[in-house]
Each structure stands twice: as structure tokens, then as C-alpha cells.
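Descriptive structure summary
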Amino acid sequence: MKKLTLFFIAFIATLQIQATHIIGGQITSRCLGGLTQEITTTLYVDIQGIPMNNTILVSYASSTFPWIFFNHINYSTQYSINSTTNAYEFIDTITVPYVDYYTYSFSTCCRAANVVNINQVSSPFYIETIALVDSTCNSTPIIPIVQFPYATVNIQSIYNLNAYDLDGDSLVYNLVTPLDNNNSPMIGFLTPPVTISNTGVLTVYSTTMGVYVFCVKVTEYRNGIEIGYLLREMQVTVDMLNGINEINNRSNSNYKYYDVLGREVRQDYGVLKIEQK
């Protein structure tokens with residue numbers, strides 16, 4: 001699959017969200033039939049930052065044809081994740097002109113300022129998804145988790161991202177360096193205390209407190225051939241609070257919880273274990 005190279009016009013940056021504290025996001029596409037796709041850009045925002053604009057600019061680009069455009073999209077849904085985080089969904093419908101691989105991308109300033117594993121100020125935020133659009137009516141993977149991981153110092157926490165694919169394609173997970181702009185890894189990025197298996201089991205263990213940013217890449221395979229991927233940027237908060245109590249106090253959380261003896265504390269969606277290291 002050919003990786004796209006996008007060239008952004010300088011003035012576009014002025015149309016994006018300025019100084020909003022982005023703490024994560026992803027872009028998904030869902031086939032509506034033929035070459036028509038529903039594109040959903042989901043952004044998670046620290047409510048302590050400048051409020052989210054009602055409109056964002058998302059780019060669409062073909063891998064082989066000189067076809068690229070930018071769409072202004074109004075947000076369709078806003079909801080609270082917890083007392084410090086809001087989520088915004090921007091939904092667009094497009095019909096692409098050719099069967100091809102397409103890149104859907106979004107960039108803005110800035111990531112949340114309290115992240116400890118970035119050695120730069122006002123770090124630009126960028127996410128992208130590459131998807132095959134063809135007669136099979138392909139859709140991208142979906143990561144349903146909306147809550148962000150929380151962990152306790154010196155306690156190992158295990159999450160299952162539970163991504164799924166509407167077409168039944170195989171999914172493989174790995175961690176990648178978050179991007180500042182297209183195909184440009186973040187400068188000054190320090191490895192977070194996070195690992196992930198190729199089946200999507202996320203493990204967090206840290207001996208120090210802090211907020212860490214990381215990026216999960218979910219690659220989609222069909223008959224052994226890569227047909228696209230999704231980048232989901234997230235953050236994990238490591239503090240001194242008890243892991244179970246900390247997460248149970250968060251609203252709209254999407255996990256099962258277990259204590260160190262394996263007893264289920266609460267049932268919802270997804271999996272979390274908290275284990276003494």
C-alpha cells in the first residue's frame with residue numbers, strides 16, 4: 001500500500017483550533033454503499049483549555065491520483081467523558097471519485113500542556129487514517145473505548161482496547177510515535193510506560209506519577225494483505241490514588257474492573273485488571 005504524502009498550505013493552520021488542549025482522537029470511516037463514506041473525527045479535549053470551535057478542517061487525499069480537498073465540518077455530537085474531558089464528534093459524508101487508498105487526516109495546535117513525555121511547548125496534534133475504498137464497501141476498524149486509562153504508581157494496569165472491524169478483517173496493534181504532521185514523528189517524544197500486544201492488550205506500569213501521551217496503530221488486514229490503518233492517540237494518567245477507586249469515580253467509563261484477587265468490581269464494556277507488580 002502506498003503511503004500518501006500531503007502538502008499543507010500554511011494558511012490552513014489559522015483555520016484550525018488554536019491552543020485547545022487536545023488529549024486524544026481518531027478518525028474512522030464507514031461505507032454507506034459504493035464509493036460513499038461516512039467520516040467521523042472524534043476529538044477528546046481538556047475542558048481547561050480554550051473551548052472547541054464548532055467547525056474543524058479535515059483533509060481527504062487519494063494515494064495515486066492528484067485528488068485532495070479540505071472540508072469544513074460542524075460537530076454533530078458533544079458529550080462529557082468525565083469532569084475534565086469532553087468529546088466532540090465531527091461527521092462528514094463524502095463520495096470519492098476512484099477506487100483507491102485514501103488518507104483522512106486532521107491537525108491542530110495543541111496537545112494538553114501537562115504531558116510529561118513531550119520535550120516541547122505547544123506540541124502540534126495530528127491524526128490520520130488510511131482506508132481502502134472499493135467495491136467491497138470497506139469500513140475502518142473501530143476502537144469503542146471512550147474513557148482514557150488511569151493507573152496507580154507501582155501498580156500494573158491492563159486494558160483491552162476491544163477494537164473490532166465491521167467487515168471481519170484481521171486487526172494487529174502496535175504503539176507508534178505520535179505525529180506532529182503528516183509522516184513526521186513528534187520531536188522530543190519520550191517512551192511512555194505503556195506496552196501493547198498485537199491483540200490489543202494494553203499494559204501500564206510506572207514508578208513515577210504523570211500524564212503520558214501515546215499512540216496506538218491498528219492495522220487492518222484482508223487475506224494477509226494490509227488494506228489500511230487507524231491511529232488512535234490517547235493519554236494515561238498515573239497518580240497515587242487507588243486504581244479501582246480512581247476509575248470508578250469517573251463517569252461514562254467503559255471497562256470491567258478487577259481487584260488484585262481477580263474479583264470483578266464493576267461490569268461495563270472492555271476489560272481492565274489491576275495487579276500488584
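Structure shown above.
The structure contained in this document is the topic of the report that follows. (Residues numbered from 1 in each chain as written. Predicted model: local features only at pLDDT ≥ 70, side-chain atom pairs only at ≥ 80, totals over all residues. Heavy atoms only, no water.)

1. Considerations on the overall build of the protein
Worth spelling out the cut-off: Secondary structure elements follow DSSP: runs of H or I no shorter than four residues count as helices, runs of E no shorter than two count as strands, and numbering proceeds from the N terminus. Relative accessibility decides the category of a residue: with a 1.4 Å probe and only protein chains considered, values under 20% of the type maximum give buried, values over 50% give exposed, and everything between is partly exposed. It only takes one pair of heavy atoms within 4.5 Å for two residues to be counted as in contact. The method behind every accessible area is Shrake-Rupley, applied with a 1.4 Å probe, and residues are considered shielded solely by the protein chains displayed.
Of the regular secondary structure elements, the protein holds 1 helix and 21 strands. Across the 277 residues of the protein, 53% fall into the buried class. The long-range fraction of contacts in the protein, counting pairs at least 24 apart against all pairs at least 6 apart in sequence, stands at 66%. Carbon together with sulfur atoms contributes 53% to the accessible area of the protein, which is approximately 11,800 Å² in total.

2. What to know about the pairing of strand β1 (residues 22–33)
Along any regular strand, the residues point their side chains to alternate faces of the sheet. Quick reminder of the rule: Here a strand pair is declared whenever DSSP counts at least two bridges between the two strands.
Within β1, 9 of the 12 residues are buried, which leaves the element mostly enclosed by the surrounding structure. Between the end of β1 and the start of strand β2 (residues 36–46), which pair antiparallel, lie 2 residues, with Gly-34 showing a positive phi angle near 65°.

3. Quick notes on the side chain of Asp-165
Applied cut-off: A 3.5 Å cut-off defines polar contacts: any pair of N or O atoms within that distance qualifies, except that in protein one atom must be a possible hydrogen donor and the other a possible acceptor, and neighbouring residues in sequence count only when both atoms are side-chain atoms.
As for its position among the elements, Asp-165 is in strand β11 (residues 164–165). From its side chain, Asp-165 meets the backbone nitrogen of Asp-169 in a polar contact 3.2 Å long.

4. Considering unusual backbone geometry
In this structure, Cys-110 follows Cys-109 across a cis peptide bond, with omega equal to 10°. Note that Cys-110 resides in the loop between β6 (100–109) and β7 (124–133). Even without a glycine there, the phi angle at Cys-137 is positive, about 60°. The residue Cys-137 is located in the loop between β7 and β8 (141–142) in this model.

5. Side note on the pattern of salt bridges
To be explicit about the condition: Salt-bridge detection follows one rule: a side-chain nitrogen of Lys or Arg within 4 Å of a carboxyl oxygen of Asp or Glu.
Enumeration according to the criterion identifies 5 salt bridges in this entry. Between Asp-167 and Arg-222 there is a salt bridge; the shortest N-O distance is 3.9 Å. Placement of the pair is Asp-167 in the loop between β11 and β12 (170–176) and Arg-222 in strand β17 (residues 210–222), with a sequence separation of 55 residues. Residue Arg-222 is joined to Asp-169 by a salt bridge in which the shortest nitrogen-to-oxygen separation is 2.8 Å. With Arg-222 in strand β17 and Asp-169 in the loop between β11 and β12, this pair connects stretches of sequence that are 53 residues apart. For Asp-169, a relative accessible area of 11% translates into the label buried. Here the salt bridges share partners, and the residues they tie into one network are Arg-111, Asp-180 and Glu-233.

6. Re the nonpolar core
Worth spelling out the cut-off: As used here, the term nonpolar core means buried Ala, Val, Leu, Ile, Met, Phe, Trp, Tyr and Cys residues forming a set that is joined through side-chain atoms within 4.5 Å.
Counting residues in each nonpolar core, the largest one holds 29 residues, and the members touching the most others are Leu-161, Val-216 and Val-236. Mapped onto this core, the elements with two or more residues apiece are β9 (150–152), β12, β15 (194–196), β16 (201–204), β17 and β18 (225–239). Ignoring any residue separated from it by four or fewer positions in sequence, one finds Val-216 in contact with Leu-161, Tyr-173, Asn-174, Leu-175, Ile-196, Leu-230, Leu-231, Arg-232 and Met-234. Residues Leu-43, Val-45, Val-96 and Tyr-104 belong to the second largest nonpolar core, which totals 22 residues.

7. Things to note about the environment of Ile-196
Position of Ile-196 relative to the elements: it lies in strand β15. Exposure remark for Ile-196: the relative accessible area of 17% places this residue in the buried category. Sequence separation between Ile-196 and Tyr-159 is 37 residues; the distance between their C-alpha atoms is 9.2 Å. Residue contacts for Ile-196: discarding those within four places in its chain leaves Leu-161, Tyr-173, Asn-174, Leu-175, Val-201, Leu-202 and Val-216.

8. Regarding the packing of aromatic side chains
Each pair of aromatic rings is reported with the distance of its centres and the angle of its planes. In plain terms, the rule: Here a Phe, Tyr or Trp ring, Trp counted by its six-membered ring, pairs with any other such ring whose centre lies within 6.5 Å, and the pair is stacked when the planes are under 30 degrees apart, edge-to-face when over 60, and tilted otherwise. Over a ring means this: the NZ of a Lys or the CZ of an Arg is within 6 Å of the ring centre and within 35 degrees of the ring normal.
The tally for this structure, following the rule as stated, stands at 6 aromatic pairs. Look at Tyr-75 and Tyr-88: their rings are 5.5 Å apart centre to centre, the planes differ by 80°, and that puts the pair in the edge-to-face class. One end of the pair, Tyr-75, is in strand β4 (residues 68–82); the other, Tyr-88, is in strand β5 (residues 85–95), and 13 residues separate them in sequence. For Tyr-75, a relative accessible area of 29% translates into the label partly exposed. By relative accessible area, Tyr-88 is classed as buried at 8%. Positioned above the aromatic ring of Tyr-229 is the side chain of Lys-217, whose terminal nitrogen or guanidinium carbon lies 4.3 Å from the ring centre.

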